[in-house]
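# Working through the structure, step by step
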Amino acid sequence: MDRMLAERVLAASGAKKASLVLKNARVVNVFTAELENGDIAIEDGYIVGVGEYEGQTEIELGGSVVCPGLIDGHIHLESSMVAPGEFERSVVPHGTQAVITDPHEIANVAGAEGIRFMMERTKGLTLDVYFMLPSCVPATGLDESGAVLAAENLSPLYEEERVLGLAELMNSYGTVRADRGILDKVEEARNRNLLIDGHAPGLSGKELNAYVTAGVQSDHECSDWEEAVEKLKRGQWIMIREGTAARNLNALMPLFKEPYYHRCMLVTDDKHPGDLIRLGHLDYIIKKAISLGADPVHAVMMASFHPAQFFGLRDVGAVAPGYKANFIVVSDLNEFEVKQVYKNGKLVADNGAMKEEILAAEQRSVETPVRVGDSFHLDEIHPEDFHIKKKGNTIRVLCLTPGELTTKSLLAPWVEKEGVAPGVSLEQDIVKMAVLERHHNTGHMGLGFLGGYGLKRGAVATSIAHDSHNLIVAGTNDEDMALAANIVRKNRGGLAVVAEGKLLGELPLPIAGLMSEEPAEWVDERLEELKTQTRSLGIGDSIDPFMTLAFASLPVIPELRLNTYGLIDVEKQEIVETIISCM
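Nothing here was measured: the structure is a model prediction, and the numbers come from that model. (Residues numbered from 1 in each chain as written. Predicted model: local features only at pLDDT ≥ 70, side-chain atom pairs only at ≥ 80, totals over all residues. Heavy atoms only, no water.)

### Comments concerning the overall build of the chain
Looking only at helices and strands, one finds 17 helices and 28 strands in the chain. Taken over C-alpha atoms, the radius of gyration comes to 25 Å for the chain, in line with the 25 Å a tight globule of 583 residues would show. When the backbone C-alpha atoms are referred to their principal axes, the chain occupies close to 85 × 50 × 45 Å. Scored against the burial criterion, the 583 residues of the chain give a buried share of 62%. For the chain, long-range pairs separated by at least 24 residues make up 68% of all intrachain contacts whose partners lie at least 6 apart in sequence. Accessible surface, the chain as shown: approximately 21500 Å² in total, 48% of it carbon and sulfur. The averaged location of the 86 negative side-chain charges in the chain is 2 Å from the averaged location of its 55 positive side-chain charges. (Helix = DSSP H or I, 4+ residues; strand = E, 2+ residues; numbered from the N terminus. Rg over C-alpha atoms; globule rule 2.2 N^0.38 Å. Buried < 20%, exposed > 50% of the residue type's maximum accessible area, 1.4 Å probe, protein only. Contact = heavy atoms within 4.5 Å. Areas by Shrake-Rupley, 256 points an atom, 1.4 Å probe, with all protein chains shown as cover. Lys, Arg positive; Asp, Glu negative; His and termini not counted. Charge placed at Lys NZ, Arg CZ, Asp CG, Glu CD.)

What follows is the structure, encoded as structure tokens:
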């Protein structure tokens with residue numbers, strides 16, 4: 001007989017005192033969507049009862065609210081710019097106890113070796129980290145990454161017990177056309193009875209039917225109410241995203257009501273370290289949703305019980321008998337300030353900080369593979385590499401959409417003015433943009449023009465360029481663009497801001513060109529310094545200068561993108577323009 005199970009049953013029945021009892025709590029009941037008064041009895045890391053209990057140790061809560069631990073159903077840990085241990089330290093005090101990550105950022109740089117590196121770095125953490133295997137490396141056939149992952153490359157990774165399924169199927173264009181390579185990956189996940197996540201902005205009608213028929217069960221790309229409802233009607237779960245770059249919460253607030261909220265969950269997707277430190281993680285989304293009129297209990301359920309149900313995490317997501325004692329304490333449900341975090345019945349974070357003894361117990365070293373730590377293979381860049389040969393009197397411009405990841409295509413006149421590169425028009429908010437292949441030193445480079453970025457002088461460069469993470473540069477002149485690009489190259493990845501031939505700031509990210517080993521506060525401080533510099537160069541407060549630029553090359557979000565192949569029409573999956581360098 002399982003002696004510990006017997007002890008839990010005896011504690012639940014009251015035949016023995018429970019090891020720990022939290023007295024006088026107000027419990028969020030996720031089964032009835034209400035608050036319930038009572039004591040919480042804990043034995044062997046599990047909740048064994050809610051009611052009236054005595055404990056060997058008793059803690060008085062005085063009416064504080066106890067909620068299930070929060071679960072982020074879709075995130076890319078790499079986008080936090082810090083190593084997994086630092087990410088944990090940033091989010092656990094905010095009540096996050098589990099995340100489902102898609103490591104497709106590092107997979108695009110280092111393939112299966114990058115995925116295994118993330119699995120090793122997340123072992124033994126207080127934060128539970130589950131994985132969805134990247135479905136699209138590269139995102140489409142019109143992208144150039146550091147690795148290509150076919151179905152046979154993913155198959156061995158399914159043996160890892162923390163793998164829950166196949167991650168966001170970004171190539172919806174290929175999926176609905178029954179692309180053999182995509183369906184091979186889908187069929188393996190289905191044969192293993194695992195989940196398949198979606199990524200299909202704007203997909204509708206018969207194409208949506210085809211996408212769902214393939215087995216895609218969720219979507220996190222809905223930017224308006226009508227799209228979300230159509231996808232709900234076709235059986236998909238909707239992940240309401242509120243991250244650093246993409247913020248869809250306001251538009252999707254009606255989903256917090258009956259009958260929709262039962263099949264919705266809250267996710268962040270991509271989140272910069274500063275937002276995590278200053279604003280919070282899922283607790284921030286809950287607070288914002290409540291301020292916009294959401295029922296607080298519904299919001300909590302959408303960030304705990306619902307993702308647990310969707311991903312099949314059967315013993316978390318509720319404060320109820322038989323569930324792990326993973327919960328958070330907030331003094332007031334409407335304010336939702338996380339005071340304490342418990343994991344397996346032990347206090348792991350208190351008043352905004354993880355317990356030092358927890359962090360000390362987790363410390364261990366994991367060797368960084370060469371392919372992850374030395375991922376930049378690119379020759380020195382020269383200003384003349386960015387010179388563009390005039391092909392007509394107009395240029396096609398990739399225009400950003402404020403607050404969204406979608407873009408528009410615009411035709412603008414070719415202009416030549418002193419002090420800026422030919423084609424650049426500061427009056428029309430048009431600057432030059434380049435994407436350079438950095439994995440295999442192919443020399444491939446896409447050149448084009450970017451609208452709506454706000455830059456008035458200098459250049460910005462980043463090796464975070466979704467999803468293939470080539471080197472992306474935007475600038476007003478070729479000299480500054482070359483300088484910014486070379487600084488990132490020298491640092492083996494990261495961010496750089498320059499103007500008038502001078503370096504204004506840099507942030508090295510040597511882990512695959514995506515992450516730093518430094519503390520989150522250090523990364524955040526330098527990132528904020530860089531953002532301040534970009535503001536001085538004209539980029540407005542309403543745009544994240546790095547996260548926004550990072551998505552300008554991703555050829556799976558409409559309408560127009562620029563990558564190493566040139567300008568891509570996303571909906572047609574065609575190269576619509578290859579701009580020729582003068583070199």
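### What about the sheet that holds strand β11 (residues 218-219)?
With respect to topology, three strands assemble into an open sheet ordered β11-β12-β13, the strand pairing being parallel. Each of the sheet's edge strands pairs with one partner strand only, and the pair in question is β11 and β13 (264-267). Pairing of β11 with strand β12 (residues 237-241), which is carried by two bridges, proceeds in the parallel orientation. Across the sheet, Asp-219 pairs through a bridge with Ile-238, a residue of β12. (Pairing = 2+ DSSP bridges.)

### As for the UniProt feature "domain: Amidohydrolase-related" (unreviewed entry) in the chain
In the numbering adopted here, UniProt assigns the feature "domain: Amidohydrolase-related" (unreviewed entry) to residues 65-348. Secondary structure content for residues 65-348 is 33% helix and 20% strand, while the C-alpha to C-alpha distance between its ends is 17 Å. (UniProt positions renumbered as here; feature names shortened; annotations may be inferred.)

### Topic: the UniProt feature "domain: Adenine deaminase C-terminal" (unreviewed entry) in the chain
Per the UniProt annotation, the sites labelled "domain: Adenine deaminase C-terminal" (unreviewed entry) are residues 407-573. With 20% helix and 31% strand, residues 407-573 has end C-alpha atoms that lie 15 Å from one another.

### So, the domain arrangement of the chain
Under the domain assignment used here, the chain contains domain 1 (3-63), domain 2 (68-315) and domain 3 (374-580). At the interface, 44 residues of domain 2 touch 52 residues of domain 3. Applying the counting rule to domain 2 against domain 3 returns four salt bridges. Among the salt bridges present, the one from Glu-528 reaches Arg-278, with a minimum N-O distance of 3.1 Å. For the pair domain 2 and domain 3, the interface holds 19 residue pairs in polar contact (both at pLDDT 80 or more). Mapped onto the side of domain 2 that touches domain 3, the elements with two or more residues apiece are α2 (84-91), α3 (104-121) and α9 (273-278). For the side of domain 2 that touches domain 3, the element with the most residues is α3, which contributes eight residues. (Domains from an automatic or database assignment. Salt bridge = Lys/Arg side-chain N within 4 Å of Asp/Glu carboxyl O. Polar contact = N/O pair within 3.5 Å; in protein donor to acceptor, adjacent residues only side chain to side chain.)

### Overview of the packing of aromatic side chains
In the structure shown here, the tally under the stated rule is seven aromatic pairs. Plain terms: the ring middles of Trp-237 and Phe-310 are 5.4 Å apart, the flat faces sit at 50 degrees to each other, and that makes the pair tilted. Of this pair, Trp-237 sits in strand β12 while Phe-310 sits in helix α12 (residues 305-311), placing them 73 residues apart in sequence. Its relative accessible area of 7% is what places Phe-310 among the buried residues. Seen in terms of ring centroids, Trp-414 and Phe-449 are 6.3 Å apart; in terms of plane orientation they differ by 85 degrees. Their pairing is edge-to-face. (Phe/Tyr/Trp six-rings, centres within 6.5 Å; stacked < 30°, edge-to-face > 60°.)

### Examining the nonpolar core
One finds Ile-240, Phe-256, Phe-336 and Tyr-453 to be the most contacted residues of the largest nonpolar core, which totals 133 residues. Residue contributions to this core reach at least three from each of two domains, namely domain 2 (68-315) and domain 3 (374-580). Apart from the residues within four sequence positions on either side, Ile-240 is in contact with Leu-249, Leu-252, Leu-255, Phe-256, Cys-264, Met-265, Leu-266, Val-267 and Met-302. By size, the runner-up hydrophobic cluster in this structure holds 30 residues, among which are Leu-378, Ile-430, Ala-434 and Ala-485. (Core = buried A, V, L, I, M, F, W, Y, C linked by side-chain atoms within 4.5 Å.)

### Here's the deal with the pattern of salt bridges
Taken as a whole, this structure holds 33 salt bridges when the rule is applied. We note a salt bridge from Asp-44 to Arg-8, for which the minimum N-O separation is 2.7 Å. Placement of the pair is Asp-44 in the loop between β2 (34-43) and β3 (46-51) and Arg-8 in helix α1 (residues 3-13), with a sequence separation of 36 residues. When salt bridges that share partners are traced, they join Arg-278, Asp-524, Glu-528, Lys-531 and Asp-544 into one network.

### Comments concerning the pairing of strand β5 (residues 65-68)
Where strand β1 (residues 18-29) meets β5, two bridges bridge the pair, whose relative direction is parallel. Residue Arg-26 lies in a different strand from β5, and its bridge partner there is Val-65. Taken together, the four bridges between β5 and strand β14 (residues 327-330) define a ladder with antiparallel strand orientation. Considered in β14, the bridge of Cys-67 is made with Ile-328.

### Description of α3
Here α3 spans only 15 Å end to end across 18 residues, well under the 26 Å set by a 1.5 Å rise per residue. Along α3, the helix axis deviates most sharply at Ala-110, where the bend reaches about 135 degrees. In terms of burial, α3 is a largely internal element, 14 of the 18 residues being buried. (Expected span 1.5 Å × (residues − 1). Bend = angle between axes of the 7 residues up to and from the residue.)

### Points about the sheet that holds strand β22 (residues 459-462)
Pairing in this open sheet of eight strands is mixed, and the strands run β19-β18-β21-β20-β23-β22-β24-β25 from one edge to the other. The two strands at the open ends of the sheet, each matched to only one other strand, are β19 (407-413) and β25 (502-508). Between one strand axis and the next, the sheet turns through 25 degrees on average, direction left out of account. Bridging between strand β24 (residues 494-499) and β25 involves six bridges; their strand directions are antiparallel. Within the sheet, the bridge partner assigned to Val-497 lies in β25 and is Gly-505. Together, β20 (430-436), β22, β23 (471-475), β24 and β25 form the strand contacts of helix α15 (residues 478-490), whose direction differs from that of β24 by roughly 150 degrees. Set on the sheet, helix α16 (residues 520-536) makes contact with β22, β24 and β25; between it and β25 the angle comes to about 150 degrees. (Axes fitted to C-alpha atoms, helices over the stretch in contact; angles between N-to-C directions.)

### Section: the side chain of His-466
You can see His-466 is positioned in the loop between β22 and β23. A distance of 3.0 Å separates the side chain of His-466 from the side chain of Glu-105, its partner in a polar contact. In this view, His-466 contacts Ser-79, Glu-105, Asp-270, Met-547, Ala-550, Phe-551, Ser-553 and Leu-554; residues no more than four positions away in its chain are not counted.

### As for α2
For an α-helix the count is 3.6 residues per turn, leaving residues at separations of three or four pointing the same way. Here α2 lies mainly inside the structure; six of its eight residues are buried. All of the buried residues in α2 are Pro-84, Glu-86, Phe-87, Glu-88, Ser-90 and Val-91.

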